[in-house]
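Structural overview
Listed below are the residues making up each chain.
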Amino acid sequence: VTITISGNVNIDSNVDFFQGASTVTIVIDADSSFFIASRILLCNITKSTASTTLTFTNSINLFGSRNLTLNAGTIDLNGTTFSIGGSFVTATTGVKNLTFNGGTLVVGGSGSTAFNNAQPANFTTTAGTGTGKISMTSSSAKTFVGGGTTYNCTLSNDGTGTLTIQGNNTFTTLANDTKNTTFRFTAGTTT
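This text gives an overview of the structure that appears in the document. (Residues numbered from 1 in each chain as written. Predicted model: local features only at pLDDT ≥ 70, side-chain atom pairs only at ≥ 80, totals over all residues. Heavy atoms only, no water.)

Turning our attention to the side chain of Asn157. Position of Asn157 relative to the elements: it lies in strand β19 (residues 150–157). Residue class for Asn157 comes out buried when judged on its relative accessible area of 0%. Side-chain polar atoms of Asn157 contact the backbone oxygen of Thr182, separated by 3.2 Å. Those residues in contact with Asn157 that lie beyond four places of it in its chain are Met136, Lys142, Thr162, Leu163, Ala175, Asn176, Asp177, Thr178, Thr181, Thr182 and Phe183. (Helix = DSSP H or I, 4+ residues; strand = E, 2+ residues; numbered from the N terminus. Buried < 20%, exposed > 50% of the residue type's maximum accessible area, 1.4 Å probe, protein only. Polar contact = N/O pair within 3.5 Å; in protein donor to acceptor, adjacent residues only side chain to side chain. Contact = heavy atoms within 4.5 Å.)

A few words on the pairing of strand β14 (residues 104–107). Across the two faces of β14 the burial is the same, with Thr104 and Val106 and Leu105 and Val107 all buried. Looking at chain direction, strand β11 (residues 81–84) and β14 are connected through 4 bridges and run parallel. Considered in β14, the bridge of Ile84 is made with Val107. Direction of pairing for β14 relative to strand β17 (residues 133–136): parallel, over a ladder of 4 bridges. Note on β17: the bridge partner recorded for Val106 is Ser135. (Pairing = 2+ DSSP bridges.)

Put into C-alpha cells, the structure is as follows:
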C-alpha cells in the first residue's frame, strides 16, 4: 500500500500506521513539514520529488525494520532525532540532500546495506546550524556504503557491532559512544 502526501503531515496520537501482510509506504512529493504526536511509525517513508523539502518538526521512530529512502529532494532533520529500525537508502540518481541543522539520523539496521548510498550521484549533505550526526546503533555488524561522498556531520558507531565504511568518503568527525566498538575501512579506500 502506498500513501502519497502532497503537503504537511500532522498526525495526532490517536492514529497509527500499521504494517500487516503488505508493506505500507508514505511517499512525500511536495514541500512538507512532518509532525507525528505518537512519534512511532510502522511504515516506510520515501522522499521522491526534486526541488522539495521534507522537514521534521519532532523526533520520530520508524519502528522495526522500516526504511527511509531518499530518491530526490531534501530531507531536513531540523534539530530532531529521526530513528530508522531498518536502512537509509538512496535509490535513484535524482538530486538529493540530507540537511542536519543539529539533527541526528539514527540507523538501527545491520548487514551490508544499513546505510546504503547506492546511488551517490547528486547526493549531498548540509550541516546547517549545529553539528549533525549519523548514529549507527546495531549490535551486529553493519556497513556504511558512503558512495564517495562528503558527509557534513559526525559518523558515530554507537552499537557494539563492527562498522565497516565503504568508499572514499569525507566526514566532519568519526566517533563512538559505546566502548569496545570497531571501525573497519575497506582496502584501497581513503577516509
